[in-house]
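Summary of structural features
The residues making up each chain are set out below.
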Amino acid sequence: MSKKPHSVKVPTQYRAAAKILKTAVQQQKSVKTLIFAEKHARARSLQAVLKKFSENRVAVENAIEKTGLLKDNPSFDPSLAKVLVTELAFGRQELNGESKPVQTVRSYKERLLKLISDSGFQKKEPNPRYVRINTNLYSLAEALEYLSQENWRRKVLPADTSYADFLTAIKSLEEDEFMTDMHIEGVLIFQAKWANYWVTHELVHSKRLILQNKATSLAAELLAPPMGATVLDMCAAPGMKTLHLCNVMQNKGCIYSVEQDRVRYKTLCDITEQAGCEIVKPILGDALNLTSDSYEDVEYILVDPSCSGSGMQSRMTVCDEPKDDSRLYKLQGLQIKILSHAMGSFPNVKRIAYCTCSLWKEENEQVVERCLQLNPSYKLLSCKKALRNKWHNVGDKDYPNIGKNCLYCLPDSDLTDGIFLALFEKRREDDKD
Ligand SMILES: C[S@@+](CC[C@H](N)C(=O)[O-])C[C@H]1O[C@@H](n2cnc3c(N)ncnc32)[C@H](O)[C@@H]1O
């Protein structure tokens, strides 16, 4: 009796990507976390194809539906179809092997590509690559000297440039050009095409340069603790803002950096040590348990609590993400608890910065509103004024006296990740408002 021939297997890489996609959609899990857990030798190529799918999801899903690929082939795994069509249209533009699913997608190639090009689908231009100088280890002068030696051209704008003109200048950066940021000293801006170039750069490995989005660098910039100050970072890991605070304070003073998650605490310790932070005291524990007995000297506090992350541009969205009210409600409760604890527990505090990488009002304006009600000894400062009015996006005007003082970074208009920021100051006895 003749043996049934073995069917040709789908290459592991496509199967692994499809499995991740399926789990991410069905279990609402983060693609990045799933890739990390996969321990697949080719994590990079998995990441590449899934990122391409996330960027071109509408076009891929539309083309699959209109060609009838899944209807004609009912046993075809829809996640695998999405991976293969993405690779064919937006990735390597060819498929490996002779497995049945690969052959099927190849047979639809012309129709798929025509539908995608006819749809006029325009991929959103990615935002620029921001690189921040870690002044613990490297100076602005050294960085500029290095870039000039490497033939990068610095695009310099006049000192009175408006914010709108600054944004236009970023959009028209040439391939070999870079700019320095108009709000945060030591933030360098490159075309998005250099994103991966910097990931593997020696200056980044040695922590002299830090890959940190401009939006998240605004928190330490606006809190602005002076040299020698005592600062409490209540939600600190992995430590990006602790490190920036350390730079703002020129590595002089004291930063208590609190993190409750043991694994993330270890990362916080490693990063701050490698980055040359001499004033950081990492603390493993719940920030809600800190009392003024041990932290009476705290003058400045950063509150950057866990949030929905809805503003993060590096997240890979692989399906429609409806607003999850019950999750937001829980997060809001924790955010109010932590910010209110910051306001109520430390007698010598002068300023507090609250930030989230969420664009939901529930985690932003509503938290600020509630904490001001609970802690009337604090008032809001205008973030826009602190940026010399060179800013466009503020909070929602439906929150009187709150919205206008808060700040949003919005991906499409500010060319950054999406974040929210509020800055509080302790009232003096004679303060009216
Ligand atoms: C948004 S992340 C902070 C990012 C960090 N500020 C940075 O810039 O790298 C929030 C962190 O706060 C931690 N966290 C949440 N609630 C906490 C609490 N009550 N006490 C201490 N850490 C907390 C979480 O484990 C998480 O690592």
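Everything numeric here is computed off the predicted structure, so don't read it as measured data.

1. Describing helix 2 (residues 31-38)
- What helix 2 keeps buried is the set Val31, Leu34 and Ile35. The arc that holds every buried residue of helix 2, seen down its axis, measures 100 degrees, which confines them to one face. In helix 2, the exposed positions angled more than 90 degrees off the buried face are occupied by Thr33, Phe36 and Ala37.

2. Quick word on the nonpolar core
- The biggest cluster of nonpolar side chains holds 45 residues, and the ones touching the most others in it are Phe166, Leu218, Ile255, Leu407 and Leu421.
- For this core, the secondary-structure elements that each account for two or more residues are helix 10 (163-171), strand 4 (187-190), helix 13 (214-223), helix 14 (240-248), strand 9 (300-303), strand 10 (351-356), strand 12 (407-409) and strand 13 (419-426).
- In terms of residue count, helix 13 provides more of this core than any other element does, six residues in total.
- Shared between two domains, this core holds at least three residues of each, these being domain 2 (129-210) and domain 3 (214-426).
- Those residues within four positions of Ile255 in sequence are excluded, and the remaining contacts are Val231, Asp233, Thr242, Leu245, Cys246, Met249, Ile279, Val280 and Lys281.

3. Considering the UniProt feature "active site" (unreviewed entry) in the protein chain
- In the numbering used here, UniProt assigns the feature "active site" (unreviewed entry) to Cys357.
- Secondary-structure assignment places Cys357 in the loop between strand 10 and helix 18 (365-374).
- When sequence neighbours within four positions are dropped, the list of residues in contact with Cys357 reads Cys307, Gly309, Ser310, Gly311, Met312, Gly418 and Ile419.

4. Things to note about the packing of helix 1 (residues 12-27) against helix 6 (residues 78-89)
- In contact at an axis separation of 8 Å, helix 1 and helix 6 are set at 120 degrees when each is read in the N-to-C sense. The angle between helix 1 and helix 6 falls in the class oblique. You can see that helix 1 and helix 6 cross each other, and the crossing is right-handed. On helix 6, the residues that touch Tyr14, Ala17, Ala18, Leu21 and Lys22 of helix 1 are Ser79, Leu80, Lys82, Val83, Leu84 and Glu87.

5. Re the pattern of salt bridges
- Taken as a whole and judged by the stated rule, the model has 16 salt bridges.
- A salt bridge links Asp396 to Lys361; the nearest nitrogen and oxygen atoms lie 4.0 Å apart. A residue pair is termed long-range when its members are at least 10 positions apart, and Asp396 in the loop between helix 19 (383-386) and strand 12 and Lys361 in the loop between strand 10 and helix 18 qualify at 35 residues.
- A salt bridge links Lys379 to Glu425; its shortest N-O distance comes to 3.8 Å. Here Lys379, found in strand 11 (residues 378-381), pairs with Glu425, found in strand 13; they are 46 residues apart in sequence, far enough to count as distant.
- Residue Lys379 is classed as buried on the basis of its relative accessible area, which comes to 13%.

Cut-offs and rules
- Residues numbered from 1 in each chain as written.
- Predicted model: local features only at pLDDT ≥ 70, side-chain atom pairs only at ≥ 80, totals over all residues.
- Heavy atoms only, no water.
- Buried < 20%, exposed > 50% of the residue type's maximum accessible area, 1.4 Å probe, protein only.
- Helix = DSSP H or I, 4+ residues; strand = E, 2+ residues; numbered from the N terminus.
- Arc of directions from axis to C-beta.
- Core = buried A, V, L, I, M, F, W, Y, C linked by side-chain atoms within 4.5 Å.
- Domains from an automatic or database assignment.
- Contact = heavy atoms within 4.5 Å.
- UniProt positions renumbered as here; feature names shortened; annotations may be inferred.
- Axes fitted to C-alpha atoms, helices over the stretch in contact; angles between N-to-C directions.
- Parallel < 35°, antiparallel > 145°, perpendicular 65-115°, else oblique.
- Left-handed = near helix turned anticlockwise from the far one by under 90°.
- Salt bridge = Lys/Arg side-chain N within 4 Å of Asp/Glu carboxyl O.

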